Amino acid sequence: MTEILQQALNGLAIGAVYTLIALGLTVVFGILGIAHFAHGSVAMFGGYLTFVFSDRWGLPFFAAMGLAMLAGAVLGLLIERLAYRPVRDAPHINAFIIALGLTMMTEGMNLLLFGADQVVIQTPYRGVFNVAGIAIAELRVLVILTACVLIGVIALLISRTKTGKSIRAVAQNRQAAVLMGVNVNRVSLVVFAISSALGVSAGALIGALLAIAPGVGEGLAVKGFAVLILGGLGSIPGAIVGGLILGVSEAMAAGFISSAYKDVIAFLVMIVVLLFRPEGLLGKR
Amino acid sequence: MNPKILSSIGLAALLVGAFALPQLVTVPYFMHLIILALIWVILAQGQNLIQGFVGYVSIAQAGFMGIGAYFSTLLSVKLGWSVWTTLWLTPLFTTLVSVLVGYPSLRVKGHYFAIVTLAYNMVIFTILLTYSSVTGGEAGISNVPRPPELSVWGWVVNFEGKSNTAYYILVLLSALLATGICAIILHSRVGRVLVAIRQNESLAEAMGVSTWRYKLFAFVVSAGLAGFAGALYAHYIGFLNPEPFGVDQSLNAILAVILGGSGTLAGPVVGAFAVTFLPEYLRIADSYRLVTYGFILVVATIFLPRGLVPVAQDLLTRAKALLGKNK
Amino acid sequence: MKVLNKRFVVAAMVSALGTGWGLSAFAAEKELVIGVNDALTGPGAVYGLPQSNAVQMAAEEINARGGIKAGADNYKLKVISNDDKANPTEATNSVRKLIDRDGVKYLLGFCCSGSTSAVASFIEKENVVMLVGNAAERAITAKGTPNLFRTRPPADFTGAAAGTFVGKRGAKNVAVIGSLDVSFYTQYLEAFERELAKSGGKIVAKETFGLKDRDMTPQLTKVRALNPDALLVLGYVEPAAFVYRQATELGMKLPRYGFTSGSEEQFLKVASSEQMEGVWDLRPTELTIEALDANAKTYVTNYTKKFGAAPSPSSPYAYDQVYVLKNAIEAAGNADDTKKVLAAIRTLAVPKEAVMKYLPTNGTMFDGNGQAYTSNGAFQWQKGKWIYVSDLPSDTKVYSEFLRSIRGK
């Protein structure tokens, strides 16, 4: 029993990170219809930045992460304006190819700026609590809490603010939103800024919990899409539920079935869901 | 001169040049790259079928290449079968596997499809890496054999040895075969349906076309070509491990088709050579290579969405028109 | 007229001699281009880049002391270093380029087994000498390729010695976690398990992690539940460091043994010194100053000064390759005839400039398989540093015969 709870707890922290990544993906996909594959590499960029801010500039971890999130938002704005907007009205495949190209560019940029070695963000949160035989690492708890806070902020933003209303309008029906006077360009920019900021936070948290290295971003993006498919493309509650389920199932599978095929779980989940319930657990389309 | 005759002569000259190449190229390193590029042509033609003709971006091509490579290698190394046998069995096996992959993937469209194929590639890669009792894992399988000697009209063709000329001819013929297969498909009724699906899938469905079957056909043929390329690759290099069959290579295949020109026959050839030779010449540093590739991809999609070959064709047409005027 | 003639003749002779002497002195100064093929970027770079640096440094040292004397000629070394990213296709391309375009006859470096095996599979056909470093896959020398030599011993040579050591320390139930899809780690484990069994111990778990994995808490949680009395970690330093850190985070308090080979710097990037305290590394007696001699000390000082970072523990395998080459060329008296140089390498004694502690087989550095052997050592992390604790007794003759016996299998 202890083992099961321990595995579940380990998995929750990773699941929280997956949720953040998935949220960034789902807002862009649900509202703008773009499979923003470069999201993983953007997250890594944020992670590297957080490392630079905390390790070289000496900022405390959360301040570094916050600053990196701002930088990430700016990067998101640039990506929308320069890369995706020109192909907004072209066939969908073009947007996807752009996403692939952006992935390469961002990975390459990360290599140039930060080198090829793995990067681990050191934090002062090294405590371990022992509760009934289960080891609870302080850092993992903080990751889960941070994710909750960020999710709450985004939820409030979308449901209570005027910008949020415009976003929801565009998500429902772009043509109608334009007719109602919503500035679609502005909405696109805001959505990308939010998405990238969330991605950066995920990158920072992964950097503190595990490590950031070339290639990690791609894996995160794919798992993010797996969560999207599991939870339902475009659904925010779906992203939350999906992320946690994926994180915990990975830990369980690695712990009780086989550690060798741990990563394969995400993909199998994706394939199975697509076969039997393509709209996802909480999706509507 | 009749333009058709002109282009036929041009094509013939190109073919003669291609067959004579080993005599002209003295540096083994270039032959090595050319052989790799030709193997890539086969891969790219396959990718073009599903991406260029049908309009579905598949990110699993490298995975199928890996399946083909390992299938042929394991049969020849562990069971001692002749490479000539395994070479033609490989595309058949790969197509079988691809039906398993294609079936769920083709139920969804556009982005979903691409992501699912990506997932499949990662699954294939992970299995190849982890199932090391069979595949040798990361350490790989050494001593992958070359095809055994052939007797062609009294001549003995040997595939071992340093010069690789015989293998070059084999790969050249294979690349021509692959291009030929795609040409036949393109100019047939099937090809027209595929293009119709790309242009407007809903319309095609409304016209009563069972689009699913055609999509699966294109997917399966492209996988078969990839598997074949994989086998040729393994028997050439002599050593096999999962490294070349990851998602990065699938992205390279996509890049090759985009750069060269989606939906054309010459496009994948140009793209394959570009993708093989560019990294060798851009050996500045890996980091610059990625940024450059990505930048090219983004810029090409925004400004040159049809790729280099159609652009070149356009320029050629315009040049001809100008020359025509001056006459 | 006669006098003039004589003087003229003498002057002509002297100037002819002078020119001849001048020309030969000019011709005697030649350049020997050697090629390094290593992972300079990517996951193998932690092993490959330091090797490449070490070769560079050795070449500069040799040039500063006058170069390599081969017969009448004097050679200055020039190093061309190619990045193969630990990728077999890249490695093949890179070596082809070195041999065909750069005219290289001597290939050094080779940190990573996958890419090295790809090159080893065709190198017999080439007129070159290949010196392999960190790549630990046994098949590389088991093949018996006549123009391939390796300075680093195969993993199972060390595994056997490690198994005896851990068994002697009383471990009866050992849990293993490692990159078990990599065959040299499984070979290490096979030999380890065999020797451990001789003292009554057994392996109770074999968990895997991939090269790129960083979260091993599921595997460690599973292992923790089995209550083993020791943990054996087999993997590259980057993921292994996470295993050590996460083991402490899960509250695991048991002796931790490893075969990872990483510098203090590399581990401290991930785990704190307290989290690493007490961890053992059972590996070839690689670069630890206390275990080795003055050559090692000088090497560490020079490398750190030149490259601004501590050398990796396995980098001297590449450094020593350069001195093997130098001594062999000088013994052969010829740098162009690779057959003569090969013969010289086969009968070479351990060079005095070598940093690693090699155990000669029948007096020569390399055995009949082209394999050199270093002694194996038990290292322990104490207060932020790897401390050499003791030697791990190992029998090179027995192993060498074993390696010969599996040739062609």
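In what follows, the structure referred to is the one given above.
Residues numbered from 1 in each chain as written. Chains lettered and ligands numbered in written order. Predicted model: local features only at pLDDT ≥ 70, side-chain atom pairs only at ≥ 80, totals over all residues. Heavy atoms only, no water.

**Student:** Before we go on, may I ask you to explain the overall build of chain B in this structure?
**Tutor:** Of regular secondary structure, chain B possesses 14 helices and two strands. In summary, chain B has a C-alpha radius of gyration of 20 Å against a globular reference of 20 Å for 327 residues, a match within 12%. The dimensions of chain B, computed from C-alpha atoms along their principal axes, are 60 × 50 × 45 Å. Buried residues in chain B amount to 54% of all 327 residues. Counted over contacts in chain B with a minimum sequence separation of 6, partners at least 24 positions apart contribute 79%. For chain B, the accessible area works out to roughly 14200 Å², and carbon and sulfur atoms hold 69% of it. Within chain B, one finds 18 positive and 10 negative side-chain charges whose respective centroids are separated by 15 Å. (Helix = DSSP H or I, 4+ residues; strand = E, 2+ residues; numbered from the N terminus. Rg over C-alpha atoms; globule rule 2.2 N^0.38 Å. Buried < 20%, exposed > 50% of the residue type's maximum accessible area, 1.4 Å probe, protein only. Contact = heavy atoms within 4.5 Å. Areas by Shrake-Rupley, 256 points an atom, 1.4 Å probe, with all protein chains shown as cover. Lys, Arg positive; Asp, Glu negative; His and termini not counted. Charge placed at Lys NZ, Arg CZ, Asp CG, Glu CD.)

**Student:** Can you help me understand the packing of aromatic side chains in this one?
**Tutor:** Within a pair of aromatic rings, the relevant descriptors are the distance that separates the centres and the angle that separates the planes. Counted according to the given criterion, the structure contains 39 aromatic pairs over all chains. The cationic tip of Arg146(B) hangs over the ring face of Tyr167(B); the distance from NZ or CZ to the ring centre is 5.0 Å. It is Arg283(C) that lies over the ring of Phe379(C); its NZ or CZ is 4.1 Å from the centre. (Phe/Tyr/Trp six-rings, centres within 6.5 Å; stacked < 30°, edge-to-face > 60°. Lys NZ or Arg CZ within 6 Å of the ring centre and 35° of its normal.)

**Student:** What's the story with empty space enclosed by the protein in this structure? I'm lost.
**Tutor:** Over the atoms, a rolled probe matching the size of one water molecule traces out where space is still vacant. A full pass over the atoms with the stated rule returns six cavities of 30 Å³ or more. Each pocket or cavity is described by its volume, and for the second largest cavity that value is around 150 Å³. For the second largest cavity, the lining is made up of 16 residues, of which Tyr125(A), Arg126(A), Leu139(A), Arg245(C) and Glu249(C) are closest to its centre. Counting only elements with at least two residues in the lining of the second largest cavity, the list comes to helix H5 (138-160) and helix H8 (184-209) of chain A together with helix H9 (237-249) of chain C. Classifying every residue of the lining of the second largest cavity gives six nonpolar, five polar and five charged. (1 Å grid on protein atoms, 1.4 Å probe; cavity = no way out; pocket = protein on both sides within 12 Å on 5 of 7 lines; lining within 4 Å. Points joined across faces, edges and corners; volume = space filled by probe spheres on them. Nonpolar A, V, L, I, M, F, W, Y, C, P; charged D, E, K, R; others polar.)

**Student:** Can you walk me through the state of the cysteines in this structure?
**Tutor:** Linking two cysteines covalently via their sulfur atoms produces the bond known as a disulfide. All names here are of chain C. Considering all chains together, one arrives at one disulfide over all chains under this definition. With its sulfur 2.4 Å from that of its partner, Cys111 forms a disulfide with Cys112. Across the S-S bond of Cys111 and Cys112 the torsion is about -85°, and the bridge reads as left-handed. The residues Cys111 and Cys112 share a single accessibility class, namely buried. (Disulfide = S-S within 2.5 Å.)

**Student:** Is there a simple way to explain the sheet that holds strand S1 (residues 29-38) of chain C in this structure?
**Tutor:** Backbone hydrogen bonds hold the strands of a sheet together, and the pairing may be parallel or antiparallel. All names here are of chain C. Across the sheet, six strands lie side by side as S2-S3-S1-S4-S5-S6; this open sheet has mixed pairing. The open sheet has two edge strands, strand S2 (68-70) and strand S6 (148-150), and neither has a second partner. Sheet twist, expressed as the average angle between the axes of neighbouring strands with direction ignored, equals 30°. In terms of strand pairing, S1 meets strand S4 (residues 106-109) through four bridges, oriented parallel. Bridging across to S4, Val36 finds its partner in Leu108. Helix H13 (residues 316-332) rests against S1, S2, strand S3 (73-83), S4 and strand S5 (129-132) of the sheet, and its axis sits at about 155° to S4. (Pairing = 2+ DSSP bridges. Axes fitted to C-alpha atoms, helices over the stretch in contact; angles between N-to-C directions.)

**Student:** Got a minute to help me understand the side chain of Gln187(C) in this structure?
**Tutor:** All names here are of chain C. Looking at the secondary structure, you find Gln187 in helix H7 (residues 183-198). Among the polar contacts made by the side chain of Gln187, one reaches the main-chain amide nitrogen of Arg138 at a distance of 3.5 Å. Those residues in contact with Gln187 that lie beyond four places of it in its chain are Glu137, Arg138 and Asp156. (Polar contact = N/O pair within 3.5 Å; in protein donor to acceptor, adjacent residues only side chain to side chain.)

**Student:** Would you explain the interface of chain B and chain A in this entry?
**Tutor:** Quite often, the size of an interface is put as the accessible area lost when its parts meet. Each partner contributes residues to the interface: chain B has 40 residues there, and chain A has 38 residues. Scanning the region where chain B abuts chain A turns up zero salt bridges. The tally of links from chain B across to chain A stands at zero residue pairs in polar contact (both at pLDDT 80 or more). Elements with a minimum of two residues in the side of chain B that touches chain A: helix H4 (83-105), helix H5 (110-130), helix H11 (247-260) and helix H13 (286-303) of chain B. A total of 13 residues in the side of chain B that touches chain A trace back to one element, the largest contributor, which is H5(B). When the residues that make up the side of chain B that touches chain A are grouped by side-chain class, the tally is 29 nonpolar, eight polar and three charged. (Salt bridge = Lys/Arg side-chain N within 4 Å of Asp/Glu carboxyl O.)

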